[in-house]
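# Fold and geometry: a report
So you can see what is in the structure, the chains are spelled out below.
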Amino acid sequence: RNLEMRIINNINWSSFKTILFVGLVLRLIAAIFSKGYGMHDDHFLVIEASASWVDGFDYNGWLPWSEGSRGVPEGHSFTYVGLNYFFFAILKFFGVVNPMAQMLLNRIVHALVSILVVYFGIKITERLSNRKNAVIVGWILAALWLMPLLSVRNLVELIGAPFLLWGVWLAIRNTNKLDLLYAGLIIGLAASFRYQIGVFALGMAAIYFFRYEWKKFVQFCVGVLLTFVFTQGFVDYLIWGYPFAEIIGYVVYNMNEGTGYLPNTNYFMYFYVLFGALLFPMGILAFFGFLKTYKSHLIIFIPTVVFLLFHTLYPNRQERFVLTILPFVIILAVIGIEMLRKKEFWNKFWKISWVSFWVLNIPLLLFLTFSSTKISRVDAMYSLYENGHEKENILLEASGEEETALMPKFYSKSWYSNFVPRENPTDTITIEKGYHFDYIFFFGEDDLDKRLAEYKQQYPKMTLLKKCEPSPVDRLLRWMNPRNSNEYIEVWETNLRW
């Protein structure tokens, strides 16, 4: 114990190298232990699409030459999904085809890229403020309870953040006559990952414009446009025959249908997300600290606020949409808190908040960093991997639950599988007369024995293949909101056809 204390006491906790090392270790731990995916978009719009292309299938029907394609752009940038396509293609070339191994390497790559958020967050804070605040920002970005878990997910809201911070760092450093051009190039890449980041870029451009800093304005805008024209103009021309096809499709979709998708009337939701992430009472102090910087640090305050207002005013509001600017909110909040601490009240509030933050943050951090999400669905599909079949008829039996879940075909590599749901207990157990299944996925434990008995009459040779338990996080989310279908799944093989 004395040895442990000496080691801890000898660590330089204010060293940037220590902060980066801890941040990287936490992310690598999440890459190893936090399997699965978070929500629909970070898997089905990225992994299923890109991996299926490598295997000669088009899961979402996005490519115009694919069977099942609608023949019109769906409004999804090909930049990030395209990079994942090349990633999976390289793995396949070297013989790494197991989906679990592929996703482990995918998460490790994301862990390495995400550490740039910590690095550039430190650099930006030190340049705008001082080393002391840079250390505080570094520790928060490195070890905030949700960061390691989210950093290894395939969320476009987060993959663009490292490049956005990199670009902002180049812009505020401005020691090279071409720094603003480079900043624009990199932020343009971030915007090609997620179109909404363009709103942040517009906020930055507006600063240079209204300050009459024409050289900076032109360099920055040229940089953004060059990258965006290449990734969205040239690439879309190769795929669709005309430039900017996907962003046009994105705008048209959102004008016609996007406003009706998951409408949310809570205009304060994003404030709860951004400042609630810093827990109580730190989040309250961070809010006032953030507001304090509205005059002194316009170069990142204005773009951050413009980005926040855009998402607040748009009817489709989902919590993850503003995670892109969370690092900037933290940077501004810490800088602003130092300004507030000149008064005794705020200084005492800070001391209490800083201690409370770590008391609450560390348990949450450890819990989530080692937690998998949607893991029962992943395990269920992976149980079919290497079964020697290219196409299976699978019944999703959820008559004891509210609904079935969309299953990730990537983990079985059976792109041509057919899924048939049974959610209503009054439906016949075969769903369609004369239709037979190769596998049955039983969702949930309610009335499970009864449901199994019914199907054993239909398939007397059926055998249990896999029991798939949800993770503690999945169970917690389902307990908090039963609409989260993070359920127990049993995979049974009917042994009828094979």
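Fair warning: this is a prediction, and the values are worked out from it, not measured in the lab.

How each quantity is defined
Residues numbered from 1 in each chain as written. Predicted model: local features only at pLDDT ≥ 70, side-chain atom pairs only at ≥ 80, totals over all residues. Heavy atoms only, no water. Helix = DSSP H or I, 4+ residues; strand = E, 2+ residues; numbered from the N terminus. Rg over C-alpha atoms; globule rule 2.2 N^0.38 Å. Buried < 20%, exposed > 50% of the residue type's maximum accessible area, 1.4 Å probe, protein only. Pairing = 2+ DSSP bridges. Axes fitted to C-alpha atoms, helices over the stretch in contact; angles between N-to-C directions. Phe/Tyr/Trp six-rings, centres within 6.5 Å; stacked < 30°, edge-to-face > 60°. Contact = heavy atoms within 4.5 Å. Expected span 1.5 Å × (residues − 1). Arc of directions from axis to C-beta. Salt bridge = Lys/Arg side-chain N within 4 Å of Asp/Glu carboxyl O. Patch = residues over 30% accessible without salt bridge, like charges linked within 9 Å, V, L, I, M, F, W, Y side chains within 5 Å. Areas by Shrake-Rupley, 256 points an atom, 1.4 Å probe, with all protein chains shown as cover.

### Notes on the overall build of the chain
- Within the chain one finds 22 helices and five strands.
- For the chain, the C-alpha radius of gyration of 25 Å lies close to 23 Å, the compact-globule estimate for 498 residues.
- With the principal axes as the frame, the chain shows a C-alpha extent of 75 × 65 × 45 Å.
- Relative to its 498 residues, the chain shows a buried fraction of 53%.

### Considerations on the sheet that holds strand S3 (residues 439-443)
- The five strands lie next to each other as S2-S1-S3-S5-S4, forming an open sheet whose pairing is mixed. At either end of the open sheet lies a strand with only one pairing partner, and these are strand S2 (418-422) and strand S4 (463-468). Neighbour to neighbour, the strand axes of the sheet diverge by 20° on average, direction disregarded.
- The sheet contact formed by strand S1 (residues 393-397) and S3 spans four bridges and is parallel. Among the inter-strand pairings, Ile394 is bridged to a residue of S3, identified as Tyr439.

### Examining the pairing of strand S5 (residues 489-493)
- Summarising burial for S5: five of the five residues are buried, a large majority.
- Neither face of S5 is exposed, since Ile489, Val491 and Glu493 on one face and Glu490 and Trp492 on the opposite face are all buried.
- Bridge analysis of S3 against S5 gives five bridges, and the strand direction is antiparallel. Paired with Phe442 across the strands is Glu490, a residue of S5.

### Some points on the packing of aromatic side chains
- Tallied over the entire structure, the rule returns 45 aromatic pairs.
- On the basis of an interplanar angle of 20° and a centroid distance of 6.2 Å, the ring pair of Phe57 and Trp415 is categorised as stacked. With Phe57 in the loop between helix H4 (47-54) and helix H5 (78-93) and Trp415 in the loop between S1 and S2, the pair connects residues that are 358 residues apart, well separated along the chain. Accessibility assignment for this pair places Phe57 and Trp415 in one class, buried.
- Where Phe275 meets Phe290, the ring centres are 5.8 Å apart and the plane angle is 65°; that geometry is what we call edge-to-face. Of this pair, Phe275 sits in helix H15 (residues 269-276) while Phe290 is found in helix H16 (residues 282-292), placing the two residues 15 residues apart along the sequence.
- Given a relative accessible area of 4%, Phe290 falls into the buried group.
- Connected via pairs of aromatic rings, a cluster forms that spans Phe271, Phe275, Phe287, Phe288, Phe290, Phe301, Phe345, Trp346 and Phe349.

### Observations concerning unusual backbone geometry
- The omega angle of the peptide bond from Phe280 to Pro281 is 5°, so this bond is cis rather than trans.
- Checked against the element boundaries, Pro281 lands in the loop between H15 and H16.
- Backbone geometry places Asp447, a non-glycine residue, at a positive phi of 55°.

### Quick look at the side chain of Thr304
- Mapped onto the elements, Thr304 comes out in helix H17 (residues 298-313).
- With residues near it in sequence (within four places) discarded, Thr304 still touches Phe200, Phe290, Ile325, Phe328, Val329 and Leu332.

### What to know about helix H14 (residues 245-256)
- Given a rise of 1.5 Å per residue, 12 residues ought to cover 16 Å, and the 16 Å separating the end C-alpha atoms of H14 matches this to within 8%.
- Turning to H14, its buried residues are Ala245, Glu246, Gly249 and Asn254. The arc that holds every buried residue of H14, seen down its axis, measures 155°, which confines them to one face.
- Of the surrounding elements, those touching the buried residues of H14 are H5 and helix H13 (214-240).

### Some thoughts on the environment of Val54
- Inspection of the secondary structure puts Val54 in helix H4.
- Each C-alpha atom of the pair Val54 and Phe86 lies 8.3 Å from the other, and the pair is 32 residues apart in sequence.
- When neighbours within four sequence positions are excluded, Val54 is seen to be in contact with Tyr85, Phe88, Ala89 and Lys92.

### Details of the pattern of salt bridges
- The tally for this structure, following the rule as stated, stands at 11 salt bridges.
- Asp41 serves as the salt-bridge partner of Arg320, at 2.3 Å between the closest nitrogen and oxygen. Taken together, the residues span a long stretch of sequence, with Arg320 in the loop between H17 and helix H18 (326-340) and Asp41 in helix H3 (residues 41-44) at a distance of 279 residues.
- The exposure class of Arg320 is buried, given its relative accessible area of 9%.
- Taking relative accessible area as the criterion, Asp41 reaches 28% and is therefore assigned partly exposed.
- Here the residues in one salt-bridge network are Asp41, Glu157 and Arg320, joined through shared partners.

### Digging into a nonpolar patch on the surface
- A surface patch of nonpolar side chains, about 530 Å² in accessible area, is lined by Ile32, Phe33, Leu104, Ile362, Leu366 and Phe370.
- Elements with a contribution of two residues or more to the nonpolar patch: helix H2 (16-33) and helix H19 (344-369).
- Tracing the backbone through its elements, the reader meets Ile362 in helix H19.
- We classify Ile362 as partly exposed; its relative accessible area is 41%.

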